[in-house]
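Examining the three-dimensional arrangement
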Amino acid sequence: MYGFSMPQLLEKKYRQVFSKIKTKNIIAQKTERKICLLLLVIPFVSSIVFFGQNVQNESQNLPLKSAFVIQNLRGDITNTWLSWDLVEGRVLQIQIVNDAYVSAEKISAIKNSIDSTETVEIDDSILHKGLSGSSVYYKGWKGAVRKAAQTDTKYYIPTEFEFVDSKKGQADITIILTSLRNSDGYTGYTTAITDENHILRASITIYEADRLSEVELGTITRHEFGHVLGLAHSTAPEDLMAPIIQTAYPFISDCDIDTLSALYDGSKESGIVCKK
Ligand SMILES: [Zn+2]
């Protein structure tokens, strides 16, 4: 006599097979869960590594804080936004007063942020400008103002800059590098002196300049020079002209360039509103 009838045997076999499948499924589910977790963790970790590296490569202690004032010849602070009004081709003279005694390499970084025509292409998705495509940014104002000057404007957009020796008398623009600390925590501070209609001269002070890296000095100068040209702050936090510079890509955007063209065409609005 067999212990089991045929149907019972079949059922036993079925249970054995089924239990194996079930075990395999549990293992598979666990593995699947592990993969899912990894997929979640990998981009997170790599983004930390990526941004960490990025900031490290740029050696930038963000954010950098900036302020500016517009002062008329009577010494009153005004809120009127003005441009320069120079004859075409007039060269703006810039004098760097190196009271903090920063290195020649750092002085070059400051000069490049004004005098460079170099561009950089950045994915729009990184700067919240869209999901696809990329945009061109300028590393120095010389390239940016040349682009802005392609638009016909009422006033001449300054496109020529020259760095002069301090012994040659007062320059149009003075950049003072000081080791002093600003009591309000500003890294950069720009003052524009104006008559009723236009900017006559401007002065940038960079605080604790001896403690800033080459990249930081370039970034804060690039921002302050935007004020020197007449730009106010940007509403977009990722823009170079944001009051607190917190972007890892502090370069001159199309939005800054368009605002500059409008300002030199007589617009009284120099605040930057960046459209996405
Ligand atoms: Zn500013």
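Rules used in this analysis
- Residues numbered from 1 in each chain as written.
- Predicted model: local features only at pLDDT ≥ 70, side-chain atom pairs only at ≥ 80, totals over all residues.
- Helix = DSSP H or I, 4+ residues; strand = E, 2+ residues; numbered from the N terminus.
- Buried ≥ 20, exposed ≤ 12 C-beta atoms within 10 Å, placed from the backbone.
- Contact = placed C-beta atoms within 7 Å.
- Axes fitted to C-alpha atoms, helices over the stretch in contact; angles between N-to-C directions.
- Parallel < 35°, antiparallel > 145°, perpendicular 65-115°, else oblique.
- Left-handed = near helix turned anticlockwise from the far one by under 90°.
- Nonpolar A, V, L, I, M, F, W, Y, C, P; charged D, E, K, R; others polar.
- Core = buried A, V, L, I, M, F, W, Y, C linked by C-beta atoms within 7 Å.
- pLDDT = per-residue confidence, 0-100.

**Thoughts on the overall build of the protein**
Within the protein, the secondary structure is distributed over 5 helices and 11 strands. When burial is assessed residue by residue, the protein has 32% of its 276 residues classed as buried. Considering only intrachain contacts with a sequence separation of at least 6, the fraction spanning at least 24 residues in the protein is 72%.

**Brief notes about the packing of helix α3 (residues 141–148) against helix α5 (residues 254–264)**
Taken N-terminus to C-terminus, the directions of α3 and α5 make an angle of 55°; their axes are 9 Å apart at the nearest point. By the angle between their directions, the pair α3 and α5 is classed as oblique. When the axes of α3 and α5 are compared, the crossing they make is right-handed. Two secondary-structure elements touch here, α3 through A144, K147 and A148 and α5 through D256, I257, L260 and S261. Its residues assigned to classes, the contact of α3 with α5 shows 4 nonpolar, 1 polar and 2 charged.

**A short note on the nonpolar core**
Within the largest apolar cluster, 52 residues are counted, with the highest numbers of intra-cluster contacts made by I175, I206, I252 and L260. When residues in this core are grouped by element, the largest group, 5 residues, is from α5. In this structure I175 touches I94, I96, V97, I110, I204, I206 and T221, once residues within four positions along its chain are discounted.

**Quick word on unusual backbone geometry**
Backbone geometry places Y101, a non-glycine residue, at a positive phi of 55°. Along the polypeptide, Y101 turns up in the loop between β4 (91–98) and α2 (104–115). Positive phi, close to 45°, is recorded for E208, a residue that is not glycine. With respect to the helices, strands and loops of the structure, E208 is situated in the loop between β10 (198–206) and α4 (214–228).

**Describing the environment of S113**
Locating S113 in the fold gives a position in helix α2. Under the C-beta neighbour-count criterion, S113 is labelled buried, with 26 such atoms within 10 Å.

**Remarks on the confidence of the model for the protein**
For the protein, the mean per-residue pLDDT works out to 81, and 76% of the residues sit at or above 70. pLDDT under 50 marks residues 34–58. Its contacts with residues more than four places away, or in other chains, come to 5 contacts.

**Let's talk about the environment of A67**
Within the fold, A67 resides in strand β1 (residues 64–72). By C-beta crowding, A67 is classed as partly exposed, having 18 other C-beta atoms within 10 Å. For A67 and H233, which are 166 residues apart along the polypeptide, the C-alpha to C-alpha distance reads 9.0 Å. Leave out the neighbours within four places in its chain, and A67 touches Y186 and Y189.

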